[in-house]
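Coordinate analysis (summary)
Below are the chains, spelled out letter by letter.
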Amino acid sequence: MTVSRRKFIQISSLASASLMVPKFLKAFETRPIIGAGNKVLIVIQLTGGNDGLNTIIPYRNDLYYKNRPQIGVKKEDALSLSDDIGLNPALKGIKQLYDDGYVSIINGVGYPQPNRSHFRSMDIWQSASIADEVVNTGWLGRFLDAACDDCNKHNAFAIEADDTLSLAMKGSNRSAIAVRDINQFNNNAADAYFKRLANNHAEEHEAQLAGYLYQTLMETVSAADYVFQQSKIYNTTQTYPNTELGKHMKMISSLIISGSETKVYYLSHGSFDTHVNQKDRQTKLFQQLDESLTALIADLKANDRMNDVMIMTFSEFGRRVSENASNGTDHGTASSMFLINSNLKKKGLYNDIPSLSDLDNGDLKYTIDFKQVYATILDKWLDANSSAILNNKYRQLDFI
């Protein structure tokens, strides 16, 4: 393979993983950084289908233990949230945040005609579509489309902590950037060949369809430099876990506290597909989540930024009510979502856990459509038009 061919492939890879908007990041380089007051959303995707019933535990309900004689969390082990409900014992840090009034737990979240395929259900959640509709853009990508209609006035900007973008972060005209490691991202974009190519082709290709790749390359080089410079402004003294999730949380914290204009961060954790030996697997993943979130929030609190940050967790579906023969659970439907912020209007348990006696063919019946949560965040937190972004009007919730 020739050198030029190899470089072209490298350009394609770098650009496709880091699509951004023309002139979008260039505006960031000349604008003052924004600190307190800049509302930020962090989305944590619990990939694989997290079991909501062993997350929020109805430990006074005999049907829970009847359906889960082996994997049910014992009452004495659960972290009490009320007389009837407990939290998974691996989430001790989140329990403290709950006691401090930082957490709202929404139970029974799902959607009509639930799909039990990982891929299809994840697409439904990420695109905010209805069950029988295929949408090729994400709800946060469409937020970027709307918020960046005029990028000289709107500073919407999003980062996914990964090598590639999820559907959720892809819009029709705007998309986020994918950054797994800031230093590596910057090193790739700082390659002398890439920079020379971007500069040389800036005007030559701007009006040509074939120049789209070069235009994207210029934006990627600009994005990498902006993110790298922002990450150096704040050097945390907070200790983060030496895990992939911990490193991503540290990266996000450094950008938020530095005053980055980033509005949305997206990261994934898992896999929660616990068909076999669920308790050990879920406990390990929850411990990693708990330690990383606790460190992030301690960092944000120490720098007076928790008022400006909303953290949302979700999973593409929950698990079946009954355990299987392998001490695990199979694909189900509704599950729980966590919302974390220091100024929540409705704290604690937002609503009841779905009935264990009135099931949908062995699955929990959803009581809240996830798009209601999205609509609430879009309108009340991101100051957007949820009806236009979600292509429908959904009843909003009152956690903010």
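Reading the values: the criteria
- Residues numbered from 1 in each chain as written.
- Predicted model: local features only at pLDDT ≥ 70, side-chain atom pairs only at ≥ 80, totals over all residues.
- Heavy atoms only, no water.
- Helix = DSSP H or I, 4+ residues; strand = E, 2+ residues; numbered from the N terminus.
- Buried < 20%, exposed > 50% of the residue type's maximum accessible area, 1.4 Å probe, protein only.
- Core = buried A, V, L, I, M, F, W, Y, C linked by side-chain atoms within 4.5 Å.
- Contact = heavy atoms within 4.5 Å.
- Expected span 1.5 Å × (residues − 1).
- Axes fitted to C-alpha atoms, helices over the stretch in contact; angles between N-to-C directions.
- Parallel < 35°, antiparallel > 145°, perpendicular 65-115°, else oblique.
- Left-handed = near helix turned anticlockwise from the far one by under 90°.
- Nonpolar A, V, L, I, M, F, W, Y, C, P; charged D, E, K, R; others polar.

What follows concerns unusual backbone geometry. Between G270 and S271 the backbone carries a cis peptide bond, its omega angle lying at 20°. Examined against the element boundaries, S271 turns out to sit in the loop between β8 (264-270) and α11 (278-302). The phi angle at N327 is positive, at roughly 55°, despite the residue not being glycine. For N327, a relative accessible area of 32% gives the class partly exposed. Non-glycine residue N391 carries a positive phi angle of around 60°. Along the chain, N391 turns up in the segment after α13 (386-390). Residue class for N391 comes out exposed when judged on its relative accessible area of 56%.

Counting 57 residues, the largest nonpolar core has I42, I44, V103, L293 and I311 as its most contacted members. The greatest single-element share of this core, amounting to 8 residues, is contributed by α11. Discounting chain neighbours no more than four positions away, the residues touching I42 are I252, I256, Y265, L267, L296, V309, M310, I311 and M312. W139, F143, L165 and L397 belong to the second-largest nonpolar core, a separate cluster that totals 45 residues.

This paragraph deals with helix α10 (residues 244-258). Between its terminal C-alpha atoms α10 stretches 21 Å, which fits the 21 Å expected from 15 residues at 1.5 Å a residue. Taken across its 15 residues, α10 has 12 buried, putting it largely inside the fold. Looking only at α10, the buried set comprises L245, G246, H248, M249, M251, I252, S253, S254, L255, I256, I257 and S258. Directly beyond the C-terminal end of α10, a positive phi value near 95° is found at G259.

α11 packs onto α10 with a crossing angle of 15° between their chain directions and a minimal axis gap of 9 Å. Considered as vectors, α10 and α11 are oriented roughly parallel to each other. The crossing of α10 and α11 is right-handed. Residue-level inspection shows L245, G246, M249, S253, I256 and I257 of α10 in contact with α11, the latter providing Q288, L289, S292, L293, L296, D299 and L300. Split by residue class, the contact of α10 with α11 holds 8 nonpolar, 4 polar and 1 charged.

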